[in-house]
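Analysis of the macromolecular model
Here are the chains, one letter per residue:
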Amino acid sequence: MTDPVKSVPIPGGLPHEHGAVGQSVTRYGGVDRVSGGQRFLADLSFPGAAQVALVTIPLGCADILGIDTSLAARLPGVLAVVTAEDLPQPVPRFGVSHQDRPVLATGRVNYHGEPVAAVVAETLDAAQAAVRAVRVDYRELPGVYTLDEALAPGAHLVQDQSIRPDDPKRDSNVLKDAHYAWGDLAAAQQRTEAVVEHVYTFPMVTHFPIEPGGTVVVPTDEGGLDVYSPVQHPYLLQRTVASLLQLPLNKVRVFAPDPGGGFGGKQNPKYEPLMSFLAQRTRRTCRLVLSLEETFQAMRRAGCRIKARTGFTRQGEITFHELDADYLIGAYADVAPRVMAKGSYVGGGPYRIPAVRITARAVLSNTTPSTAFRGFGSPQMAWGTESQLDAGARVLGLDGLQVRRRNLVARGEAFIRGDHQATADGDWAQSLEKAAELVGWHEPLKPNRGRGIAVGIKPGATSGLSQSLVRLLYDGSAIVYAGTSDMGQGARTLWQQIVADELGTPVDQVNVVSGDTGAVPFDLQTSASRSTVFMGTAVIEACADIRRRILDLYAETTGVPAGELDERPGVLVTADREMPLVEAAREALGPLRGEFIGQGVSRLRGRSGHPLGGDAAFYEFNCTAIEVEVDPETGELLLTRHVSVGDVGRELNPIQVVSQDEGASIMGLGHSQMEQVLVDEHGRIRNLGALDYRIPTFKDVPVELVTAAVENHDGPGPYGSKGISEGALLCTAGALGAAVAQATGVVVRDLPLTPERVWSAIRAANADRSAAPRPE
Amino acid sequence: MSPAQADEDPLTTTSTVTVNGTARIVTAPAHRSLLEGLRDILGLTGTKSCCAEGECGACTVLLDGKAVNSCLVLCVESDGHEVTTIEGLSECGPTDLQEEFLNAGAVQCGFCIPGQVMSAEYLLRTNPAPSEPEIREALSGNLCRCGGYARIVAAVKETAARRAGDHD
Ligand code: FES
Ligand code: FES
């Protein structure tokens, strides 16, 4: 679109004109995925494995008075019935931000579905029969299931103070808070000509991967464990299990079959520690495949309430923005404090605001531990902030596009000020303008229709490490070892494309090994849309390493002085010609054959003192514009057009970018339109399972679903790319809310925008109107 | 259909099912679903399990040529019937439909895809030139959390066109 910006060296340089990068290369492993050959966790065969089933109680909060396993243990086929008492004492706890989660509930159940015991049996039928025979005595406690309950004075404390003895907030349910502030609020208020103040809510939603997940643990002859789990972070799992069971890292080998959908829900350890103890105790292979209901009880996104107060000048310039946000997290921290801190860090949005005050809290409750979920805390804040921009625009007689044009930062301009400033790393206005154009912002509207436009921003990873190895074999084919989990984003396809261009090997002669900590070098994690940038760079480096090695060995073998040689992607340059690299490699290796092994490392050190641990490697930026038709009789929404435009840096594989963008758009419609985990007064999830918890289906796809990308080759990743997998759901809710408001004249501030909710709002507004003639 | 009761255990049933063209004997507890029979007893793991209550379509197979959720069919109910699974459909490599799934970028994590392919294949066999609303309706029982719906619709349309000879 515009000239590439070359402020930072671009790994791999600019894209090769006729290379594999930039092509819609067909997904690696695609044929297996369409033909049923792809082996997910539950498809792996472990002959003679023992089956595991979990014992739970139907309450969100209760003291466990006793567990009688005697009858269950005597049933045929039962190998062990394990409770917290059978584990090392005190019961080991784990977690990424706090070590607060016990391997099995100990003394108390803190959320609906928290296992109190596990049965290991020869067959699943036997295990399930034994689960029914375990007798748990418990007494219900007055658990806290909502923000109001959790924050009320004298509220039941979700976590015993002894779990966080050094935490000054241990006497409340606030696990962590964050404060970001800049600018002179009083001066900003002086200039203010309009103020809007509202409260917004964002529901708890669950990941609902179509693959429910599970874990298999195999005890090895050497006293170690092979842990199979479809996780996004195999190396974190390895470290967690090793430390809990006091084993060296090399004795814990994690095999991570491709997750059948992760979305953040399969990042952090859940039942793997328990399964490891069971396998160690029984010396048997232990297999647990979760039901969808159990999966609902293992992962969710934090709900959120955002109180917002925003000032504007008459022209629509934002003068100040105050946010007070409470994230309702679960009974254990998981990564929720970081979700809150990272989401609220960008809570003010990508705008030029002179004075900002943001306070956010992660509030514990007796519900499913909330964890990472695509967007990682940003969609919640964007719902509040984007809706506030539209509220201001309505008061001032502007439209959603105008108010955003006026306030959106330009490249290089700060949108977060103060000590931890962040500046725009893209020409974000291009995405805004493109989305407006594609949605037909200025076209006349049909009756009952409305349009909304919103922008979303999310910080990428703030530190990280990816290591990779590439082997160039004698015949010119190559093998990449890269620990990224391929959960649908198609990471391995990118590694193929990169290696093809960097080494001059055909794409179909590159294969990728991943999902095995015993064979593949360290990778921090597959999250935050980081892999293209981090692992992609490591793969490029490994290829460059190979090229240098080829040059050196070629010099040694042929006697040509190394100083007379040069190398470039795919080529060795000699004094008189350019040789295909694979040819040079073969000549260099000579009759002994062998191979070249290259190593690549991509490391981003954090910055101490930064509230997020460092500056984001890049920002994901998206603009979503929606046209909706609302049926005033039923409140039903028909999305006539949905446009998502991402600032992607460079599309390395355009069709994969489209897939990610469309997928995130649809997922965004889920939490905007229909999804919501409902918890009753006993903390029980009322809509557990696919029957009662609705996610978008084919029928919910907008009539026109349009995605587009802005490419300025300005990302820190390979060939100027950025991460792109989350953008399209960051601001879906804001765009939809504004569209519904325009179509109906009523503003709904609670998600999801279900037909009932929209219909009730329309009805209430009509009743108001007929009750009191409005002075116009 | 009266499946023979296995002698040793009154709760165990034996059914003869033609799976992907071959007669197979399935001996299973009476409450086992066809999905479990295919996966756990016959080792045909291409058919996936998610909700186990007929709501997601991951387990779709053809029973006597008709798309069904195999988690809602008991093994014994398939006695004497013909079942086609994703493995059967793919016996000679990917079909045109499966190729179009890949070309369209419809495949992300892939977990829902075998079920999507079976439902789409059934649709195209019964309605070779479906309209977009007909495709959406026919596939509405197949969830894809990766959100590949629009890509899948494109793949089905392309296959229909290919089968009609619109393309070479
Ligand atoms: S597993 Fe059969 S419909 Fe979901
Ligand atoms: S491709 Fe992942 S659920 Fe459909």
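None of these values were measured; they are calculated from a predicted model. (Residues numbered from 1 in each chain as written. Chains lettered and ligands numbered in written order. Predicted model: local features only at pLDDT ≥ 70, side-chain atom pairs only at ≥ 80, totals over all residues. Heavy atoms only, no water.)

When helices and strands are counted, chain A shows 18 helices and 30 strands. A compact globule built from 776 residues should have a C-alpha radius of gyration of about 28 Å, and chain A, at 27 Å, falls within 12% of that. Each principal axis of the C-alpha distribution contributes one length, and for chain A these read about 95 × 75 × 50 Å. Restricting the contact set of chain A to residue pairs at least 6 apart, pairs at least 24 apart contribute 80%. About 27,500 Å² of surface is accessible on chain A, with carbon and sulfur atoms providing 48% of the total. Across chain A, the centroid of the 73 positively charged side chains sits 3 Å from that of the 90 negatively charged ones. (Helix = DSSP H or I, 4+ residues; strand = E, 2+ residues; numbered from the N terminus. Rg over C-alpha atoms; globule rule 2.2 N^0.38 Å. Contact = heavy atoms within 4.5 Å. Areas by Shrake-Rupley, 256 points an atom, 1.4 Å probe, with all protein chains shown as cover. Lys, Arg positive; Asp, Glu negative; His and termini not counted. Charge placed at Lys NZ, Arg CZ, Asp CG, Glu CD.)

Tallying secondary structure elements over chain B gives 6 helices and 6 strands in all. Each helix and strand of chain B, ordered N terminal to C terminal, gives the series β-β-β-α-β-β-β-α-α-α-α-α. In terms of overall size, chain B behaves like a compact globule, its C-alpha atoms giving a radius of gyration of 17 Å where 168 residues would be expected to give roughly 15 Å. When burial is assessed residue by residue, chain B has 56% of its 168 residues classed as buried. (Buried < 20%, exposed > 50% of the residue type's maximum accessible area, 1.4 Å probe, protein only.)

Take the confidence of the model for chain B next. Summing up the model confidence of chain B, the mean pLDDT is 93 and the portion of residues at 70 or higher is 92%. A low-confidence stretch, residues 1-8 of chain B stays under pLDDT 50, and its non-local contacts, those more than four residues away or across chains, total 17 contacts. (pLDDT = per-residue confidence, 0-100.)

Moving on, we get to the sheet that holds strand β6 (residues 108-109) of chain A. Ordered in space as β6-β2-β8 (chain A), the 3 strands form an open sheet in which the pairing is antiparallel. The two strands at the open ends of the sheet, each matched to only one other strand, are β6 and β8 (135-140) of chain A. (Pairing = 2+ DSSP bridges.)

As a further point, take the packing of aromatic side chains. Residues and elements named next belong to chain A. Within this structure, the stated rule accounts for 14 aromatic pairs over all chains. Look at Y180 and Y345: their rings are 5.5 Å apart centre to centre, the planes differ by 70 degrees, and that puts the pair in the edge-to-face class. One end of the pair, Y180, is in strand β9 (residues 174-182); the other, Y345, is in helix α9 (residues 336-345), with 165 residues separating them in the sequence. Pair check on accessibility: Y180 and Y345 agree, each one buried. Aromatic ring contacts, followed pair by pair, group F415, W428, Y619 and F621 into a single cluster. (Phe/Tyr/Trp six-rings, centres within 6.5 Å; stacked < 30°, edge-to-face > 60°.)

All names here are of chain A. The 5 strands lie next to each other as β9-β17-β16-β15-β10, forming an open sheet whose pairing is mixed. Of all strands in the sheet, those with a lone pairing partner are β9 and β10 (194-202), marking the two edges. Averaged over all pairs of adjacent strands, the angle between their axes in this sheet comes to 5 degrees, without regard to strand direction. As paired elements, strand β16 (residues 318-328) and strand β17 (residues 355-363) share 9 bridges and run parallel to each other. Each residue of the ladder has a partner; that of H321, found in β17, is V356. On top of the sheet, helix α10 (residues 378-396) reaches β10, β15 (303-312), β16 and β17; it is set at about 145 degrees to β10, its chief contact. (Axes fitted to C-alpha atoms, helices over the stretch in contact; angles between N-to-C directions.)

On to helix α13 (residues 491-503) of chain A. Residues and elements named next belong to chain A. The end-to-end C-alpha separation of α13 is 18 Å, in line with the 18 Å expected for 13 residues at 1.5 Å each. Buried residues dominate α13, accounting for 13 of its 13 residues. Positive backbone phi, at 75 degrees, marks G504, one or two positions downstream of α13. (Expected span 1.5 Å × (residues − 1).)

The next thing to look at is the domain arrangement of chain A. Residues and elements named next belong to chain A. Taken domain by domain, chain A consists of domain 1 (30-38 + 464-604), domain 2 (48-141 + 207-296) and domain 3 (304-458 + 617-770). Here domain 2 and domain 3 have C-alpha centroids that lie 36 Å from each other. At the junction of the two partners, domain 2 supplies 26 residues and domain 3 supplies 25 residues. When domain 2 packs against domain 3, the two sides together hide about 2,400 Å² of surface, and 62% of this comes from carbon and sulfur. Broken down residue by residue, the surface that domain 2 buries against domain 3 is led by H112, F263 and F296, which jointly contribute 25%. At the boundary of domain 2 and domain 3, one finds 0 salt bridges. The biggest single contributor to the side of domain 2 that touches domain 3 is helix α8 (residues 292-296), with 3 residues. Its residues assigned to classes, the side of domain 2 that touches domain 3 shows 10 nonpolar, 10 polar and 6 charged. (Domains from an automatic or database assignment. Buried area = accessible area lost by both parts, 1.4 Å probe. Salt bridge = Lys/Arg side-chain N within 4 Å of Asp/Glu carboxyl O. Nonpolar A, V, L, I, M, F, W, Y, C, P; charged D, E, K, R; others polar.)

So, on to the nonpolar core. Ranked by size, the top nonpolar core spans 189 residues in total, and within it F208 and V628 of chain A together with F101 of chain B carry the most contacts. Element by element, the count of residues in this core is highest for strand β28 (residues 619-630) of chain A, at 7 residues. Sequence-distant contacts of V628 of chain A, defined by excluding residues within four places in its chain, comprise N448, R449, G450, L637, L638, L639, T640, L736, A739, V740 and A743 of chain A. Counting residues in each nonpolar core, the second largest holds 38 residues, with W495, V512, L581 and A588 of chain A among its members. (Core = buried A, V, L, I, M, F, W, Y, C linked by side-chain atoms within 4.5 Å.)

Attention now moves to the pattern of salt bridges. Counted under the stated rule, the structure contains 57 salt bridges over all chains. The salt bridge partner of D258 of chain A is R33 of chain A, with a shortest N-O separation of 3.2 Å. Taken together, the positions of D258 of chain A in the loop between β13 (252-255) and α7 (272-282) and R33 of chain A in helix α1 (residues 30-35) put the pair 225 residues apart, joining distant regions of the chain. Note on D258 of chain A: relative accessible area 8%, which makes it buried. With a closest N to O distance of 2.6 Å, E100 of chain B and R162 of chain B form a salt bridge.

The next thing to look at is the domain arrangement of chain B. Residue and element names in this part refer to chain B. Domain annotation for chain B reports domain 1 (3-88) and domain 2 (96-163). Placing a centre on the C-alpha atoms of domain 1 and another on those of domain 2 gives a separation of 23 Å. Each side of the interface is counted separately: domain 1 has 16 residues, and domain 2 has 12 residues. Interface area, domain 1 with domain 2, both sides summed: about 1,200 Å², of which 68% is carbon and sulfur.

So, on to the interface of chain A and chain B. Counting residues at the interface gives 51 residues for chain A, matched by 47 residues for chain B. Between chain A and chain B, a total of about 3,900 Å² is buried, with carbon and sulfur atoms accounting for 61% of that surface. When residues of chain A are sorted by the area they lose upon contact with chain B, V34, I210 and F698 of chain A head the list and together hold 23% of the total. Where chain A meets chain B, there are 6 salt bridges. With a closest N to O distance of 3.1 Å, K699 of chain A and E137 of chain B form a salt bridge. Counting across the interface, chain A meets chain B through 23 residue pairs in polar contact (both at pLDDT 80 or more). Listing elements by their share of the side of chain A that touches chain B, those giving two or more residues are α1, α8 and α16 (654-674) of chain A. (Polar contact = N/O pair within 3.5 Å; in protein donor to acceptor, adjacent residues only side chain to side chain.)

What follows is about the environment of C56 of chain B. When you line up the elements, C56 of chain B lands in the loop between α1 (34-41) and β4 (60-63). Note: C-alpha distance between C56 of chain B and N69 of chain B (13 residues apart in sequence) is 8.5 Å.

Among the structural elements, N110 of chain A can be located in the loop between β6 and β7 (117-121). Other than its neighbours up to four places away in sequence, N110 of chain A contacts G60, V158, A331, Y332, N366 and T367 of chain A.

Moving on, we get to α16 of chain A. Here α16 of chain A is 21 residues long and its end C-alpha atoms lie 30 Å apart, about the 30 Å a rise of 1.5 Å per residue gives. In terms of residue burial, α16 of chain A counts as a mostly covered element, since 19 of its 21 residues are buried.

Bringing the side chain of T192 of chain A into the picture now. By the element assignment, T192 of chain A lies in the loop between α5 (185-190) and β10. At a separation of 2.7 Å, a polar atom in the side chain of T192 of chain A contacts the side chain of T319 of chain A.

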